[in-house]
Amino acid sequence: MAWDEWQQLKADAAGRQSTRMQLNHVDGEPPMPSQTGDLKVKNGDLSKIGSHAHTLYNQLWDKARVSIPSSDTAAGDLTGQGFALGGGLKHVSNRWDEQLKSLMDACAQISNHMQTTKKVHAGDEHYIQRQMSSIDALDAGFDERVGAPGEKNPVYEPKKK
């Protein structure tokens, strides 16, 4: 391909892009809520995630660790009999144990984080409710009017002659 041909292709591509440009919003117009991708999480969702992580942790503890003692025993026996395979099996067993511990730690962190997040959000909700209820109580004090709503209170209005 010649240099001139390459330059021509680049210019054509740039021309096509500029004429077909489309906007998905007008300047100054706020985006629709469906376009912003707001994340909504409920306590039930957090509880399920934490529960699943805890269940996985327990299953890993009960079922995945079973092979470690038998593998270590077999590796020791093979090594004692002079087989090089014993060292390889011990290495595999050690790596399995390391990876299993790493996975179990991750499950525990997820479970604990979901519990903490749930408690923090519950505390935030209670705080917001307390603040809003105190505003409602303050508003109720201002609603005890002498006149009709929206009208000026005649007590504070100068009398007309």
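See the structure shown above.
Residues numbered from 1 in each chain as written. Predicted model: local features only at pLDDT ≥ 70, side-chain atom pairs only at ≥ 80, totals over all residues. Heavy atoms only, no water.

Draft legend 1. The overall build of the protein, seen in detail. A count of helices and strands for the protein gives five helices and zero strands. Across the 161 residues in the protein, those meeting the buried criterion constitute 10%. For the protein, the share of sequence-separated contacts (at least 6 apart) that also reach a separation of at least 24 residues comes to 64%. Accessible area for the protein stands at about 13,900 Å²; split by element, carbon and sulfur atoms hold 57% of it. (Helix = DSSP H or I, 4+ residues; strand = E, 2+ residues; numbered from the N terminus. Buried < 20%, exposed > 50% of the residue type's maximum accessible area, 1.4 Å probe, protein only. Contact = heavy atoms within 4.5 Å. Areas by Shrake-Rupley, 256 points an atom, 1.4 Å probe, with all protein chains shown as cover.)

Draft legend 2. Expanded view of the side chain of S71. Structurally, S71 can be placed in helix α4 (residues 67–80). Assessed through its relative accessible area of 19%, S71 is described here as buried. Once residues lying within four places of it in the same chain are set aside, the contact partners of S71 are L89 and S93.

Draft legend 3. Fine view of the pattern of salt bridges. Counted according to the given criterion, the structure contains three salt bridges. R95 serves as the salt-bridge partner of E98, at 3.0 Å between the closest nitrogen and oxygen. Residue E98 and its partner R95 are located together in helix α5 (residues 85–142), separated by three residues, close to a single helical turn. A residue is classified by how much of its surface remains accessible, and E98, at 43% relative accessible area, is partly exposed. Taking the shortest distance from any N to any O, the salt bridge between D97 and K101 comes out at 3.4 Å. Residue D97 and its partner K101 are both found in helix α5; the two are separated by four residues, about one turn of the helix. (Salt bridge = Lys/Arg side-chain N within 4 Å of Asp/Glu carboxyl O.)

Draft legend 4. Molecular detail of α4. The first and last C-alpha atoms of α4 sit 20 Å apart over 14 residues, in line with the 20 Å expected at 1.5 Å per residue. Listing the buried residues of α4 in full gives I68, S71 and A75. The buried residues of α4 all sit within an arc of 65 degrees when viewed along its axis, so they share a single face. Two residues or fewer after α4 comes G82, characterised by a positive phi angle close to 90 degrees. (Expected span 1.5 Å × (residues − 1). Arc of directions from axis to C-beta.)

Draft legend 5. Expanded view of the nonpolar core. Of all hydrophobic cores here, the largest spans six residues; its members are L60, A64, I68, L100, M104 and C107. Secondary structure elements with two or more residues in this core: α3 (43–64) and α5. In terms of residue count, α5 provides more of this core than any other element does, three residues in total. Excluding residues that lie within four positions of it along the chain, C107 makes contacts with A53, L56, Y57 and L60. (Core = buried A, V, L, I, M, F, W, Y, C linked by side-chain atoms within 4.5 Å.)

Draft legend 6. How the structure looks around the packing of aromatic side chains. Within this structure, the stated rule accounts for zero aromatic pairs. Seen from the ring of W61, R65 lies directly overhead, with NZ or CZ sitting 3.8 Å from the centre. (Phe/Tyr/Trp six-rings, centres within 6.5 Å; stacked < 30°, edge-to-face > 60°. Lys NZ or Arg CZ within 6 Å of the ring centre and 35° of its normal.)

Draft legend 7. Structural detail: the side chain of S111. Tracing the chain through its elements places S111 in helix α5. Of the residues examined, S111 reaches a relative accessible area of 9% and is grouped as buried. Beyond its immediate sequence surroundings of up to four residues, S111 is in contact with G50, A53 and H54.

Draft legend 8. A nonpolar patch on the surface, seen in detail. On the surface, W3, W6 and L9 cluster together to form a nonpolar patch covering roughly 370 Å² of accessible area. Of note, W3 is situated in helix α1 (residues 3–19). With relative accessibility at 60%, the residue W3 sits in the exposed group. (Patch = residues over 30% accessible without salt bridge, like charges linked within 9 Å, V, L, I, M, F, W, Y side chains within 5 Å.)

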